[in-house]
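Tertiary structure, described
So the chains spell out like this:
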Number of protein chains: 2
Amino acid sequence: MKLLEERIQKDGKIRDGGAVLKVDSFLNHQIDVELYNEIGKEFFRLFGDEKVTKILTIEASGIGIACIAGQYFDVPVIFAKKSKTKNIDGGVYTAQVESFTHGRIYDIMVAREFLLPTDRVLLIDDFLANGAALEGLIQIVRGAGATLVGAGICVEKAFQPGGERIRSQGIRVESLARIRSMSEEKGVEFC
Amino acid sequence: MKLLEERIQKDGKIRDGGAVLKVDSFLNHQIDVELYNEIGKEFFRLFGDEKVTKILTIEASGIGIACIAGQYFDVPVIFAKKSKTKNIDGGVYTAQVESFTHGRIYDIMVAREFLLPTDRVLLIDDFLANGAALEGLIQIVRGAGATLVGAGICVEKAFQPGGERIRSQGIRVESLARIRSMSEEKGVEFC
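**Points about the overall build of chain A**
When its secondary structure is counted, chain A shows five helices and 11 strands. Its C-alpha atoms give chain A a radius of gyration of 16 Å, near enough to 16 Å, the size a compact globule of 191 residues would have. For chain A, the C-alpha atoms occupy an extent of roughly 50 × 35 × 30 Å along the three principal directions. Considering only contacts in chain A between residues 6 or more positions apart, those separated by 24 or more positions represent 60%.

So, in structure tokens, the structure goes:
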């Protein structure tokens, strides 16, 4: 998606010797809602024929994108929660996720009542790198016996192993910007 | 807002002897995007004349509502983060928040570059009860020297002290559903 690639070139910042891409001025801290809208539209162009019944994402930065995309699909959005709160009753699907950004392992969960075997689920998230969050969501969809339609990702770090590992399972992953390489000297190169 | 009150009556669940209102089938775990849209529209009706330049919310459940509302205001949305990640550079505004739902104290933060003294900020969140999260956001807006336009809240537990304490500071708080009392026996009564 040219619009997103151009925005990353313009406003993305590379940190930690090329390990971290900061897109927090438009994607995951401050949000350009108009850009989200174009992203949502593009996900609908890609997955609109798939009879999606639920969009599933994970807190926190996936939620806004999923909600805006949900307007195009006209289906409920579910966000997997990262910690057990008082507001979830007993029955939940869970998965363990290792966070690269936060440097820890945490549980994610979705209340069982919201994912049914008849559901056709589209996963949406802002980033795909090591694939841990996405694999957690996939595990939850499988636990529910629902059909996994695929995953819509904003930015994929294609030089990290997550995307290839998940696609090799036959899962459709559509990333709107796929980064081949990045460094503080040379900037971002897309696939 | 009648639509939200009716939805709470229909799908809200009261737990823990009247202490907890679960709205996770439509507001803060599974999301009814069409309802979010009506909520966003209502916030715009209430605050649309206030020359809002930024919407500020807090992860996680505020993000979706703020993004959908952001479409009406046509301004960027910022969500305060709950933990320091590798993706925030040094300069941040912070505040401490005590979470009733999670039973702990945590820091919230917003990168300084996204809140300017010239900004007119609307706060948006899903719940107002003890007011801790909202007061954290207010502290951040003040730290930035920005103008606080007010707060748009979906559900206020009016029998808890947050709303009154914040309004008594002269801050405009608009809650779309204000709960006077709730109990497992009698259900929810609105103000």
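**Brief notes about the relation of the copies chain B and chain A**
The two copies are related by a screw motion: chain B maps onto chain A through a turn of 180° and a shift of 0.0 Å along the axis, at an RMSD of 0.0 Å. The transformation just described matches what one would write down for a two-fold rotation axis. Within chain B, G64 of chain B has its C-alpha nearest the rotation axis, a separation of 2.3 Å. Mapped onto chain A, 100% of the interface residues of chain B again fall at the interface, so both copies present the same surface.

**Things to note about the sheet that holds strand β3 (residues 30-31) of chain A**
The seven strands are arranged β3(A)-β5(B)-β4(B)-β8(B)-β9(B)-β10(B)-β11(B) in an open sheet whose pairing can be described as mixed. Whereas interior strands pair on both sides, the edge strands pair on one side only; in this sheet they are β3 of chain A together with β11 (187-190) of chain B. Both strand β4 (residues 54-58) of chain B and strand β5 (residues 77-80) of chain B contribute to a ladder of four bridges, which runs parallel. Each residue of the ladder has a partner; that of I58 of chain B, found in β5 of chain B, is A80 of chain B. In the packing of helix α2 (residues 33-47) of chain B onto the sheet, contacts are made with β8 (120-128), β9 (147-157) and β10 (173-183) of chain B, and the angle to β9 of chain B comes to roughly 140°.

**Description of helix α4 (residues 132-143) of chain A**
If you check α4 of chain A, its first and last C-alpha atoms are 16 Å apart, about what 12 residues at 1.5 Å a residue would give, namely 16 Å. Along α4 of chain A, the positions that sit buried rather than exposed are A133, L134, G136, L137, I138, I140 and V141 of chain A.

**A word on the interface of chain B and chain A**
Counting from both sides, the interface comprises 33 residues of chain B and, opposite them, 33 residues of chain A. Going through the elements one at a time, β2 (20-22), β3 (30-31), α2, α3 (62-73) and β5 of chain B are the ones with two or more residues in the side of chain B that touches chain A. Of the residues belonging to the side of chain B that touches chain A, the class tally is 15 nonpolar, 11 polar and seven charged. For strand β5 (residues 77-80) of chain A and β3 of chain B, the ladder comprises two bridges, and the chain directions are antiparallel. The residue of β3 of chain B that forms the bridge with I78 of chain A is Q30 of chain B.

**Brief notes about the sheet that holds strand β4 (residues 54-58) of chain A**
Taken together, the seven strands give an open sheet; going across it, the order is β11(A)-β10(A)-β9(A)-β8(A)-β4(A)-β5(A)-β3(B), and neighbouring strands pair in mixed fashion. A strand with exactly one partner marks an edge of an open sheet, and here the two such strands are β11 (187-190) of chain A together with β3 of chain B. Where strand β10 (residues 173-183) of chain A lies against β11 of chain A, four bridges are found, and the strand directions are antiparallel. Directly across from I179 of chain A, in β11 of chain A, lies its bridge partner F190 of chain A. Here helix α1 (residues 2-11) of chain A sits on the sheet in contact with β9 (147-157), β10 and β11 of chain A, set at roughly 25° to β10 of chain A. Along the sheet face, helix α3 (residues 62-73) of chain A touches β4, β5, β8 (120-128) and β9 of chain A together with β3 of chain B and points at about 170° away from the line of β4 of chain A.

**Focus on the packing of α2 of chain B against α3 of chain B**
The relative placement of two packed helices is expressed as an angle between their axes plus a distance between the axes. Residues and elements named next belong to chain B. Viewed as axis vectors pointing N to C, α2 and α3 meet at an angle of 55°, and their least axial separation amounts to 8 Å. Our classification of the angle between α2 and α3 gives oblique. Between α2 and α3 the crossing geometry is right-handed. Contacts between α2 and α3 pair Y36, N37, I39, G40, K41, F43 and F44 from the former with G64, I65, I68, A69, Q71, Y72 and F73 from the latter. Counted by class, the contact of α2 with α3 contains nine nonpolar, four polar and one charged residues.

**Description of the confidence of the model for chain A**
Regions with low pLDDT should not have their predicted coordinates read in detail. Predicted confidence across chain A gives a mean pLDDT of 94, with 96% of residues reaching 70 or more. Reported confidence for the predicted complex is 0.94 by ipTM and 0.95 by pTM.

**Focus on unusual backbone geometry**
All names here are of chain A. Across the junction of E59 and A60, the peptide omega takes the value 0°, indicating a cis bond. In this structure, A60 sits in the loop between β4 and α3. One non-glycine residue, K51, lies in the positive phi region at around 50°. Within the secondary structure, K51 sits in the loop between α2 (33-47) and β4.

**Topic: the nonpolar core**
Formed by 124 residues in total, the largest nonpolar core has its most connected members in C67, L137 and V141 of chain A together with C67, L137 and V141 of chain B. Beyond its immediate stretch of four places on either side in the chain, L137 of chain B contacts L56, I58, A80 and L123 of chain B.

**What to know about the environment of R45 of chain B**
Residue and element names in this part refer to chain B. Tracing the backbone through its elements, the reader meets R45 in helix α2. For R45, a count of 12 C-beta atoms within 10 Å gives the class exposed. The spacing of R45 and Y72 is 27 residues in sequence and 9.4 Å in space, taken between C-alpha atoms.

Calculation criteria
Residues numbered from 1 in each chain as written. Chains lettered and ligands numbered in written order. Predicted model: local features only at pLDDT ≥ 70, side-chain atom pairs only at ≥ 80, totals over all residues. Helix = DSSP H or I, 4+ residues; strand = E, 2+ residues; numbered from the N terminus. Rg over C-alpha atoms; globule rule 2.2 N^0.38 Å. Contact = placed C-beta atoms within 7 Å. Least-squares fit on C-alpha atoms with pLDDT ≥ 70 in both. Pairing = 2+ DSSP bridges. Axes fitted to C-alpha atoms, helices over the stretch in contact; angles between N-to-C directions. Expected span 1.5 Å × (residues − 1). Buried ≥ 20, exposed ≤ 12 C-beta atoms within 10 Å, placed from the backbone. Nonpolar A, V, L, I, M, F, W, Y, C, P; charged D, E, K, R; others polar. Parallel < 35°, antiparallel > 145°, perpendicular 65-115°, else oblique. Left-handed = near helix turned anticlockwise from the far one by under 90°. pLDDT = per-residue confidence, 0-100. Core = buried A, V, L, I, M, F, W, Y, C linked by C-beta atoms within 7 Å.

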